[in-house]
Amino acid sequence: MADIVAVHGIFAHRSSRDEMHTAWLTALREGLRNVRFTGVEDITMECAFYGHLYNDGKAGATWQYVIGDVRAGVEEDLLVALAAEIEDPSRETRGKAGYAPQSVQGAIRVLQSRRFFGGTAAGIIGFVKQVARYLRDEDFRSAVQGEFSAAMEARPRLVIAHSLGSVVAYDWLRSHAATSATTLVTLGSPLGLYPVLRELHPFADVSQAPWPVGIDTWVNVAAKEDVVASVKELHGLFAGRIQDLPASNSRGTAHDVTAYLKNVRTARSVKVALD
């Protein structure tokens, strides 16, 4: 049994379930102490860890991706969508990589200017490839969902999902019967990006995406400087009420999960769910 099931986002392929559990629980408890949650030391957490599934020989310790490695379709669309809400500081400057579409060159240039994932093209491309692989590789997606299923056997009251993990959690919850979890907290979520919603619901002709089954309360926390959560408000995109809360993480830690877990908006939401 566990109070919380936690699911991580991208770039966890060099981590482990134990490392995630320690880092997440430490940060969450720090935030909960700040809001005077009396049961902070008794909180239990089960991790839906899938980072190891990316270690199948397709990615080394350091990615060597270049702009020409971006594939047409969901990878290209994700890049453009991520950059769409950011003001281009060099709009008149054109990239020299003629082997990539203008839209891709421009998107990477904008994301690099914001130091998105270190500001390297390899890191930026690595991000979209990890997201795209979950969305398009059915065998991989099934394996990730299997990890989430195993974690949910702990019968949590609350699911906390960060980054790509919010896509994983939503994908599982909307396609399974109601569980013990009645609250979903998403942190730095890309669920508002059209390419993500399109891949999750390719045949749906609906104005709103289906609501996750069994969830009574959905809280979405998005930092102003978080490029991954470039669509800050999820309410209206799904068939239910989402409480969208802003956060003010620093630019350098805008997408960092520990910053989100310590944030007062996250802590208050978790406190309400566990009280």
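Preceding this section is the structure that the text describes.
Residues numbered from 1 in each chain as written. Predicted model: local features only at pLDDT ≥ 70, side-chain atom pairs only at ≥ 80, totals over all residues. Heavy atoms only, no water.

A. Structural detail: the layout of surface pockets. If you add up the space inside the largest pocket, you get close to 550 Å³. Phe 117, His 162, His 255, Asp 256 and Val 257 are, among the 28 residues lining the largest pocket, the residues nearest its centre. For the lining of the largest pocket, the leading source of residues is helix 1 (residues 17-34), giving four residues. Looking at side-chain class alone, the lining of the largest pocket contains 13 nonpolar, eight polar and seven charged residues. (1 Å grid on protein atoms, 1.4 Å probe; cavity = no way out; pocket = protein on both sides within 12 Å on 5 of 7 lines; lining within 4 Å. Points joined across faces, edges and corners; volume = space filled by probe spheres on them. Helix = DSSP H or I, 4+ residues; strand = E, 2+ residues; numbered from the N terminus. Nonpolar A, V, L, I, M, F, W, Y, C, P; charged D, E, K, R; others polar.)

B. Region of interest: the environment of Val 221. Topologically, Val 221 is positioned in strand 5 (residues 217-223). Look past the residues within four positions of Val 221 in its chain and what remains in contact with it is Thr 186, Leu 187, Gly 188, Leu 245, Ala 247, Tyr 260 and Thr 266. (Contact = heavy atoms within 4.5 Å.)

C. Layout of the nonpolar core. Core analysis: the largest hydrophobic core is formed by 59 residues, its most contacted members being Phe 148, Trp 218 and Phe 238. Sort the elements by how many residues they give to this core and helix 4 (residues 121-136) lands first, with eight residues. For Trp 218, the residues in contact, after removing those within four places along its chain, are Tyr 170, Leu 184, Thr 186, Leu 191, Trp 211, Pro 212, Leu 234, Phe 238, Arg 241, Ile 242 and Gln 243. Counting residues in hydrophobic clusters, the runner-up holds 32 residues, among them Ala 12, Trp 24, Val 185 and Val 270. (Core = buried A, V, L, I, M, F, W, Y, C linked by side-chain atoms within 4.5 Å. Buried < 20%, exposed > 50% of the residue type's maximum accessible area, 1.4 Å probe, protein only.)

D. Spatial organisation of the pattern of salt bridges. Enumeration according to the criterion identifies twelve salt bridges in this entry. A salt bridge links Arg 17 to Glu 147; its shortest N-O distance comes to 3.0 Å. Of this pair, Arg 17 sits in helix 1 while Glu 147 sits in helix 5 (residues 138-152); the two residues are 130 residues apart in sequence, bridging distant segments of the chain. Here Glu 75 makes a salt bridge to Lys 129, at a shortest N to O gap of 3.0 Å. Residue Glu 75 is found in helix 2 (residues 74-83), and its partner Lys 129 is found in helix 4; the two are separated by 54 residues along the sequence. Lys 129 gets classed as buried once you look at its relative accessible area, which sits at 15%. In the salt-bridge network here, residues are joined through shared partners; they are Asp 77, Arg 136, Arg 198 and Glu 199. (Salt bridge = Lys/Arg side-chain N within 4 Å of Asp/Glu carboxyl O.)

E. Focus on the side chain of Asn 249. When you line up the elements, Asn 249 lands in the loop between strand 6 (242-247) and helix 8 (257-262). Residue Asn 249 is classed as buried on the basis of its relative accessible area of 10%. What Asn 249 contacts, discounting residues up to four positions off in sequence, is Ala 223, Glu 225, Ala 254, Ala 259, Tyr 260 and Asn 263.

F. Fine view of the environment of Thr 266. Along the polypeptide, Thr 266 turns up in helix 9 (residues 264-274). With a relative accessible area of 0%, Thr 266 lands in the buried category. The spacing of Thr 266 and Leu 187 is 79 residues in sequence and 8.3 Å in space, taken between C-alpha atoms. In this view, Thr 266 contacts Leu 187, Val 221, Tyr 260 and Leu 261; residues no more than four positions away in its chain are not counted.

G. Quick peek at the side chain of His 162. Secondary-structure assignment places His 162 in strand 3 (residues 158-162). Ignoring any residue separated from it by four or fewer positions in sequence, one finds His 162 in contact with Val 7, His 8, Gly 9, Trp 24, Leu 187, His 255, Asp 256, Val 257 and Tyr 260.

H. Up close: the sheet that holds strand 3. With parallel pairing, six strands are arranged side by side in an open sheet as 2-1-3-4-5-6. Pairing within the sheet leaves two strands with one partner each, and these edge strands are strand 2 (45-48) and strand 6. Direction aside, the axes of adjacent strands within the sheet are offset by 20° on average. Summarising the sheet, strand 3 and strand 4 (residues 183-187) pair through five bridges and their orientation is parallel. Paired with Ile 160 across the two strands is Val 185, which belongs to strand 4. Lying on the sheet, helix 6 (residues 164-173) is in contact with strand 1 (4-7), strand 3, strand 4 and strand 5; it crosses strand 3 at an angle near 140°. Running at roughly 160° to strand 3, helix 9 makes contact with strand 1, strand 3, strand 4, strand 5 and strand 6 of the sheet. (Pairing = 2+ DSSP bridges. Axes fitted to C-alpha atoms, helices over the stretch in contact; angles between N-to-C directions.)

I. View of unusual backbone geometry. Phi at Phe 11 takes a positive value of approximately 65°, unusual for a residue other than glycine. Looking at where Phe 11 falls in the secondary structure, it is placed in the loop between strand 1 and helix 1. Accessibility expressed as a relative area gives 29% for Phe 11, which makes it partly exposed. The phi angle at Ser 163 is positive, at roughly 55°, despite the residue not being glycine. Judged by its relative accessible area of 0%, Ser 163 is buried.

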